[in-house]
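If you want the building blocks of each chain, they are given just below.
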Amino acid sequence: MKTRTLGPKGPSVSALGLGCMGFSDFYASSAANDEEAIAVIQRGLDAGLTFLDTADMYGPFKNEVMVGKAIAGRRKDVFVATKFGIQRSADNANSRSINGTPAYVATACDASLKRLNIDTIDLYYQHRVDQQTPIEETVGAMARLVQAGKVRYLGLSEASAATIRRAHKVHPITAVQTEYSLWSRDVEDDDVLRCCRELGIAFVAYSPLGRGFLTGRYRRFEDLQANDYRRHSPRFQGENFARNLAVVDKVGEIAREKRCTPAQLALAWLLMQYEYLVPIPGTTSAERLTENLGAIRVELSLSDLKRIDAVAPRGVAAGGRYDDAGMKLVHA
């Protein structure tokens, strides 16, 4: 397994991570039980994957418990990232609120440590920026977790470049996590990626396969099961679906010429964008996990990159990546 550092002086992790959200939430395939999920995670660990990404709100709460079971006895082999800040109720999982107050930061961390059954969180993200709490107060509280030995490194998720700069002055930010893929390239235009390069902050790309769309697996809206939240995602709706599928088909043509899968091509393209970038594709399938890890062996030339850029340029995706309410919470 190839490795990357999270910044020029940051910790070393596997060049591809594993997003664990889908094991317990949002996608229809999340029906996988803990035993199946643990088997997939451990398959990844056996293959040299070290970077696991979870969050307290996935489940809610049960995803961290499952990850904790999967890494039991293998803690030294794993770099664990989790997140706080999006509050969901165990009684009403559809409820949402954002909380970045110092008091909540401390209690959320303790709860995650308990669920994960570990002594220290390797990378602790603020999941969404609390626009009612100054980022300096939130990161100040996160910094105290580092001082207490409960957290090793700090991260932000879906923060704007201005917010990242303010946070970095309070305590070094090791990683910024934002959606980034061939059909979600806005970080190239809004200074987030440029800011990370300037400050030496790693970039963790979530949904690097466009919530599965870039794999070519979904050919019709009806391919999504009735309880799959993507049925409500703008990019999977009506005319948007057809327009986005046309882009996926063009990406697939290049992948066939490169003798790799569309998923592998999409991940390989991301790995070429920034030396401190780590994609974290999610899957509930051991077969798909093995396929994704194969992206590390795909080599792309400058000519390949130009062809890919021609068929999947910035802004090519039809529809927003979230609905209007969701978009108000990104790059804050």
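Residues numbered from 1 in each chain as written. Predicted model: local features only at pLDDT ≥ 70, side-chain atom pairs only at ≥ 80, totals over all residues. Heavy atoms only, no water.

Visitor: I'd like a rundown of the environment of Thr261, residues and numbers included.
Guide: Its place among the elements puts Thr261 in the loop between α7 (238-257) and α8 (262-271). Classification of Thr261 as partly exposed rests on a relative accessible area of 26%. In the structure, Thr261 is positioned 45 residues away from Gly216 in sequence and 9.2 Å away in space, judged by C-alpha atoms. Not counting residues up to four positions away in its chain, the partners in contact with Thr261 are Ala255 and Glu291. Polar side-chain contacts of Thr261 include one of 2.7 Å to the side chain of Glu291. (Helix = DSSP H or I, 4+ residues; strand = E, 2+ residues; numbered from the N terminus. Buried < 20%, exposed > 50% of the residue type's maximum accessible area, 1.4 Å probe, protein only. Contact = heavy atoms within 4.5 Å. Polar contact = N/O pair within 3.5 Å; in protein donor to acceptor, adjacent residues only side chain to side chain.)

Visitor: Tell me about the pairing of strand β11 (residues 202-206), and name the residues and values.
Guide: Most of β11 is tucked away, with five of its five residues classed as buried. Side chains of β11 alternate between two faces, with Ala202, Val204 and Tyr206 and Phe203 and Ala205 buried alike. Pairing geometry for strand β10 (residues 175-179) and β11, over five bridges, is parallel. Paired with Thr178 across the two strands is Ala205, which belongs to β11. Handedness of the crossover joining β10 and β11 through helix α6 (residues 192-199) is recorded here as right-handed. Relative to strand β12 (residues 277-279), β11 runs parallel, the two sharing three bridges. Within the sheet, the bridge partner assigned to Ala205 lies in β12 and is Pro279. (Pairing = 2+ DSSP bridges. Right-handed = clockwise from strand over helix to strand, strands pointing away.)

Visitor: Provide a residue-level description of α6, including the pertinent values.
Guide: Residues Val192, Leu193, Cys195 and Cys196 constitute the buried set of α6. Each buried residue of α6 sits inside an arc of 160° when the element is viewed along its axis, so together they form one side. Elements in contact with the buried residues of α6: α5 (161-170), β10 and β11. Two residues or fewer past α6, Gly200 is found with a positive phi of approximately 70°. (Arc of directions from axis to C-beta.)

Visitor: Hey, could you go over the pairing of strand β9 (residues 151-157) for me, with residue numbers and the actual values?
Guide: In terms of residue burial, β9 counts as a mostly covered element, since five of its seven residues are buried. Bridge analysis of strand β8 (residues 121-126) against β9 gives five bridges, and the strand direction is parallel. When the bridges of β9 are listed, Tyr125 appears paired with Gly155. Between β8 and its parallel partner β9, the chain crosses via helix α4 (residues 135-147), and the hand of that crossover is right-handed.

Visitor: Which residues make up the packing of α4 against α5, and what are the values?
Guide: Across the interface, α4 lies against α5 with an axial gap of 9 Å and an inter-helix angle of 45°. In terms of their interaxial angle, α4 and α5 are classed as oblique. Remark: the crossing between α4 and α5 carries right-handed chirality. The segment α4 lies against α5, with Ile135, Glu136, Val139 and Gly140 engaging Thr163, Arg166, Ala167 and Val170. Within the contact of α4 with α5, the residues separate by chemical class into four nonpolar, two polar and two charged. (Axes fitted to C-alpha atoms, helices over the stretch in contact; angles between N-to-C directions. Parallel < 35°, antiparallel > 145°, perpendicular 65-115°, else oblique. Left-handed = near helix turned anticlockwise from the far one by under 90°. Nonpolar A, V, L, I, M, F, W, Y, C, P; charged D, E, K, R; others polar.)

Visitor: Account for the sheet that holds β8, naming residues and giving values.
Guide: Strand pairing within a sheet occurs via backbone hydrogen bonds; the two strands may be parallel or antiparallel. Strand order in the open sheet formed by eight strands is β3-β4-β5-β8-β9-β10-β11-β12, and the pairing between neighbours is parallel. At either margin of the open sheet sits one strand with a lone partner, and together these are β3 (18-19) and β12. Here α4 sits on the sheet and contacts β5 (79-84), β8 and β9; the angle it forms with β9, its principal contact strand, is near 155°. Sheet strands touched by α8: β11 and β12. Its angle to β12, the strand with the most contacts, is close to 160°.

Visitor: Just give me the short version of the environment of Ile173, but keep the residues and values in it.
Guide: For Ile173, the location among the structural elements is in the loop between α5 and β10. Among the residues examined, Ile173 registers a relative accessible area of 3% and is labelled buried. For the pair formed by Ile173 and Glu287, sequence separation is 114 residues and the distance between their alpha carbons is 34 Å. When near neighbours in sequence (up to four residues on either side) are disregarded, Ile173 contacts Val139, Leu154, Gly155, Leu156, Ala167, His168 and Ile201.

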